[in-house]
Amino acid sequence: MRKAIKPDDAAALVPDGATVLIGGFMGVGTPERMIDALVARGARNLTVIANDAAMPGKGIGKLVSAGAISRAIMSHIGLNPEIQRKMISGEIEVELVPQGTLVERIRAGGVGLGGVLTATGLGTPVEDGKQVIEVDGKRYLVEKPILGDFALIAAQQADYSGNLTYSLTAHNFNPIMALAGRMVIVEPELIVPVGVIPPDAVKTPGVIIDHMLARVA
Amino acid sequence: MEQQVTGRPHSGMSAKEVIARRVAQEVRPGMLVNLGIGLPSLVANYIPHDYGVFFQAENGVIGLGARPPEGMEDPHLTDAGGSFVTAVPGAASIDSAMSFGIIRGGHLDMTVLGGLQVDERGFLANWMVPGKMVPGMGGAMDLVAGAKRVIVAMVHSAKGEAKIVPECTLPLTALRRVSLLVTELAVIEPTADGLVLRERGPDISVEEILAQTTAKLIVTGDVPTMCLG
């Protein structure tokens, strides 16, 4: 059985300057209470790797507004004018990565692969500075694996062993990122006794989770 | 981006409706289809329900349904634009690796995307205007590189400026010749020989199409009027 920790205690584990993977898609399936605690702690200089920057006032958008991010690796920032402004002013360095490539780079990092070969991005600015190799007559970009110091993920249910389930479009990057953080912190909506989640329904095995947030007090 | 409508509306039909109706004719029963945000999403309105078409949203659902009644939204069920949706019977929820595995792996029958420019090679630019608009490519590059058919749905020209050009000046989305280009004025098929004008918009002449296109169009014989279903 695991001990659940408070969001403030979890945020204290994440030092300034850390590289942080954060689950979610436009704020859906994002660990909101964890983000609120990082903002409250005044986190600075984070490298955030996530699908998108959500929008001001929601999910990762709160970290952007709080000035907590110095570098972002994302596939889409179009719904957050604030991060676009901070990118142009140089306050946040942004690397844009095709969505399918981003998730596979994170997967590669998490499952111990040396990278990904993909045709996505060939002939576009994404190719700049990257190695191109040919396999069986087809050209591919070599995309490097991504690992984070932390993976901050959201789940629907966690049991006392840390086994996780996800709901509908709140899956997105969460189950992939769960493998790619040196420390994995999950924010479940519901914590249930062992046995409530049948083994076949477990999407992320609890053995790879380091900490889980306590339920809302 | 706001784009000025350049075509003459057909009996009260907007340019967007003409485009959406024509693209819908390309959809076959049982297909798995991904529609982009904005104009492409209108295509769903013109596909018969009994076709059993499944729509994918790349954020993680196969079997996207209509907007839910007000007050009954599920915060965990949105489309790729973040709008609340429902799921149809037979739907599946998936993570982003599965979602893009389906797209990149050639399991997606068709994607419909907006465009900023299409050129004589059939290449598409639709994700950034350097110095002006840098939203990120999201899933666009994977969709164009991986889908079995790529259909570009866009208004023919923007504020008098041609969008169908000899060679894209904006950064490309992929090195892939798209399957079909549908505007309110024309249906154009990119081929190894160049862009072939297949159909005209309602009440539109070939001359009008050529006047709003800087790319070379191959025109052979009579060009039929597009069928809008």
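Quick note: structure is the one above.
No experiment lies behind these values; they were computed from the predicted model shown.

Enquirer: Even after reading the chapter, I still don't get the overall build of chain B, so can you show me in this structure?
Expert: Secondary structure summary: chain B contains 4 helices and 15 strands in total. The C-alpha radius of gyration of chain B comes to 17 Å, within 12% of the 17 Å expected for a compact globule of 229 residues. In terms of principal-axis extent, the alpha carbons of chain B reach across some 50 × 40 × 30 Å. Counting the 229 residues in chain B, one finds 46% classified as buried. A sequence separation of at least 24 residues applies to 66% of the contacts in chain B between residues at least 6 apart.

Enquirer: What exactly am I supposed to notice about the overall build of chain A here?
Expert: The helix and strand inventory of chain A stands at 6 helices and 12 strands. Scaling as 2.2 N^0.38, a compact globule of 217 residues should have a C-alpha radius of gyration of about 17 Å, and chain A matches this with 17 Å. For the C-alpha atoms alone, the extent of chain A along its principal axes is close to 50 × 45 × 25 Å. In chain A, which comprises 217 residues, the share counted as buried stands at 52%. Taking the contacts inside chain A whose residues are at least 6 apart along the sequence as the reference set, 71% of them involve residues at least 24 apart.

Enquirer: Can you help me understand the nonpolar core in this one?
Expert: Residue and element names in this part refer to chain A. If you look at the biggest cluster of nonpolar residues, it comprises 128 residues, and the most contacted ones within it are Leu 21 and Val 48. The greatest single-element share of this core, amounting to 7 residues, is contributed by strand S9 (residues 148–159). Once you skip the residues sitting within four places of it in the chain, Val 48 turns out to touch Val 20, Ile 22, Ile 60, Leu 63, Ile 69 and Ala 72.

Enquirer: Help me understand the sheet that holds strand S11 (residues 164–165) of chain B, please; the structure alone is not making it clear to me.
Expert: Sheet strands line up and pair through hydrogen bonds in the backbone, either parallel or antiparallel. All names here are of chain B. Read from one edge of the open sheet, 3 strands run S7-S6-S11, paired in mixed fashion. With one partner strand each, in any of the chains shown, strand S7 (124–125) and S11 form the two edges of the open sheet. Across 2 bridges, strand S6 (residues 117–119) lies against S7 in antiparallel orientation. If you follow Val 118 over to S7, its bridge partner there is Leu 124.

Enquirer: What's the story with the interface of chain B and chain A in this structure? I'm lost.
Expert: Each side of the interface is counted separately: chain B has 32 residues, and chain A has 36 residues. Elements supplying a minimum of two residues to the side of chain B that touches chain A: helix H2 (96–104) and helix H3 (140–146) of chain B. No other element matches H2(B), which puts 5 residues into the side of chain B that touches chain A. Classifying every residue of the side of chain B that touches chain A by side-chain character gives 16 nonpolar, 11 polar and 5 charged.

Enquirer: Teacher, can you tell me more about the sheet that holds strand S7 (residues 132–135) of chain A here?
Expert: All names here are of chain A. One open sheet accounts for 3 strands, arranged S6-S8-S7; its pairing is antiparallel. At either margin of the open sheet sits one strand with a lone partner, and together these are strand S6 (116–118) and S7. In this sheet, neighbouring strand axes are inclined to one another by 45° on average, regardless of whether the strands run parallel or antiparallel. Helix H5 (residues 99–111) contacts S6 and strand S8 (138–143) of the sheet and is inclined by roughly 160° relative to S6.

Enquirer: What exactly am I supposed to notice about unusual backbone geometry here?
Expert: The backbone of A:Leu168 sits at a positive phi, close to 40°, despite the residue not being glycine. Positive phi is not limited to glycine here, since B:Asp203 has a value of about 65°. If you trace the backbone, B:Asp203 turns up in the loop between strand S14 (194–200) and helix H4 (206–211).

About the criteria used
Residues numbered from 1 in each chain as written. Chains lettered and ligands numbered in written order. Predicted model: local features only at pLDDT ≥ 70, side-chain atom pairs only at ≥ 80, totals over all residues. Helix = DSSP H or I, 4+ residues; strand = E, 2+ residues; numbered from the N terminus. Rg over C-alpha atoms; globule rule 2.2 N^0.38 Å. Buried ≥ 20, exposed ≤ 12 C-beta atoms within 10 Å, placed from the backbone. Contact = placed C-beta atoms within 7 Å. Core = buried A, V, L, I, M, F, W, Y, C linked by C-beta atoms within 7 Å. Pairing = 2+ DSSP bridges. Nonpolar A, V, L, I, M, F, W, Y, C, P; charged D, E, K, R; others polar. Axes fitted to C-alpha atoms, helices over the stretch in contact; angles between N-to-C directions.

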